[in-house]
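Coordinate inspection notes
One-letter residues, chain by chain:
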Amino acid sequence: QREVDIFGNVPYTESLDIDNISPVYDDGQSIYAKLFDRLDAAIADIDVGSRGFSDGDLMYYGDMAKWKVLAYSLKLKLAITVADVAALDPGGKAASAVAGGVMVSSSDNATFAYLAESPNTNPIYVDLVASGRYDWVAANTIVDKMKALNDPRMPYYFEQNLGSGIYTGGIYGDNNAYAAYTHITATIQEPDWRGLLMSYSEIQFYLAEAAARGFIAGSPETYYNAGITASIVDDWGGTSAEATAYLANPDVAYATAPGTDKQKIATQSWIASYDRGLIGWTTWRRLDAPTF
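In short, a report on the structure. The numbers attached to residues start from 1 for each chain and follow its sequence in the written order. Selection of residues for local features in this predicted model requires a pLDDT of at least 70, selection of side-chain atom pairs for listing and counting requires 80 or more, and totals for whole chains, interfaces and linings are taken over all residues. Computation of side-chain values covers all heavy atoms of the structure but excludes hydrogens and water.

Moving on: empty space enclosed by the protein. Grid points spaced at 1 Å over the protein atoms alone were grouped into cavities, where a 1.4 Å probe fits but cannot get out, and pockets, open sets with protein on both sides within 12 Å along at least five of seven lines, with lining residues defined by an atom within 4 Å of a point. Grid points are joined across faces, edges and corners, and a volume is the space filled by probe spheres set on the points. Taken as a whole and judged by the stated rule, the model has 2 cavities of 30 Å³ or more. The volume enclosed by the largest cavity comes to roughly 40 Å³. Around the largest cavity, the lining residues are Ser201, Glu202, Phe205, Ser269, Ala272, Ser273, Arg276 and Ile279. Secondary structure counts use DSSP, requiring at least four H or I residues in a row for a helix and at least two E residues in a row for a strand, with both numbered from the N terminus. If you list the elements that add at least two residues to the lining of the largest cavity, you get helix 8 (200-212) and helix 11 (261-272).

Shown next, in the form of structure tokens:
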């Protein structure tokens, strides 16, 4: 799925033939169809009454019910990613995933625990710290957007190296002077910073979009609010008061924030996926929001 989302058509049906150095490139839509089939087969094979490999399972420690929840949550993610491709029946697949049971709290998060010792450290640490490079700064795209919304996650996302409450993002893609711009928070540069493969907050934004599209019942606003709150409180250690105040901001509140339903959801999903760039990038590409 990640390869299709990044590249489009990629080798798939012939990709594992070691003797074939020129495998055919399969159409991305046909690959997604096969991924849905494979995922449904995997879901059917999961026996929640049995224990998995408790010693070797580094995410759910043998809890097969959690794995089934992750599988249905992944199905929802796939369905929303191809929400505009009617031939893949994204609405039916989203509804099926929700009926099966997706994540209901942050305790369902698919979290991979990295270690403090090499070579088992978080790749972010490898890129930003172990590399010995000091040219990574926060980009103006996200800094400017969060400043405009008075987003309470700024102290959790960024260092205040320019002064208390001062955030200046480097020009996106430019050769920015390290000392002149806001640095990335030290928190995610720790070698054992958790790897969040899928989260409850992410799923809430998919549910909000599914409801807005009419794929499922429920209030898009309720899911939207839950996604923002979970991001602030559960994913980044903010407070419930911060989440409540943020949601009261007319530029954030679902009823008054500018743009269409999709644009509102996309903007907040993009902000929430700060340390999971592919999610933010894919959301931005699909829904054309936020605008930079």
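Estimates place the volume of the second largest pocket at around 410 Å³. Considering the residues around the second largest pocket, the lining is formed by 19 residues, among which Gln1, Leu35, Arg38, Leu39 and Leu74 are closest to the centre. Examining the composition of the lining of the second largest pocket, we find that 6 residues originate from one element, helix 2 (residues 28-45), more than from any other. Gly is placed with the polar residues, together with every amino acid not listed as nonpolar (Ala, Val, Leu, Ile, Met, Phe, Trp, Tyr, Cys and Pro) or charged (Asp, Glu, Lys and Arg). Of the residues that constitute the lining of the second largest pocket, the class distribution is 14 nonpolar, 1 polar and 4 charged.

On to the pattern of salt bridges, then. Each salt bridge in this description consists of a side-chain nitrogen of Lys or Arg and a carboxyl oxygen of Asp or Glu lying within 4 Å of one another. For the coordinates displayed, the defined rule picks out 10 salt bridges. Of the charged contacts in the structure, one is a salt bridge between aspartate 40 and lysine 75, with a shortest N-O distance of 2.8 Å. Placement of aspartate 40 in helix 2 and of lysine 75 in helix 3 (residues 64-81) is noted, with a sequence separation of 35 residues between them. One salt bridge connects glutamate 202 with arginine 276, and the closest N-O pair in it is separated by 3.1 Å. Of this pair, glutamate 202 sits in helix 8 while arginine 276 is found in the loop between helix 11 and helix 12 (277-287), placing the two residues 74 residues apart along the sequence. Across this residue pair, the class does not change: glutamate 202 and arginine 276 are buried. Each member of the salt-bridge network shares a partner with another, and the members are Asp84, Glu209, Arg213 and Arg286. Think of it in three bands: residues with accessible area under 20% of the maximum for their type are buried, residues over 50% are exposed, and the middle band is partly exposed, with areas taken using a 1.4 Å probe on protein chains only.

In short, the description is geometric, and any link to function would need to be established separately.
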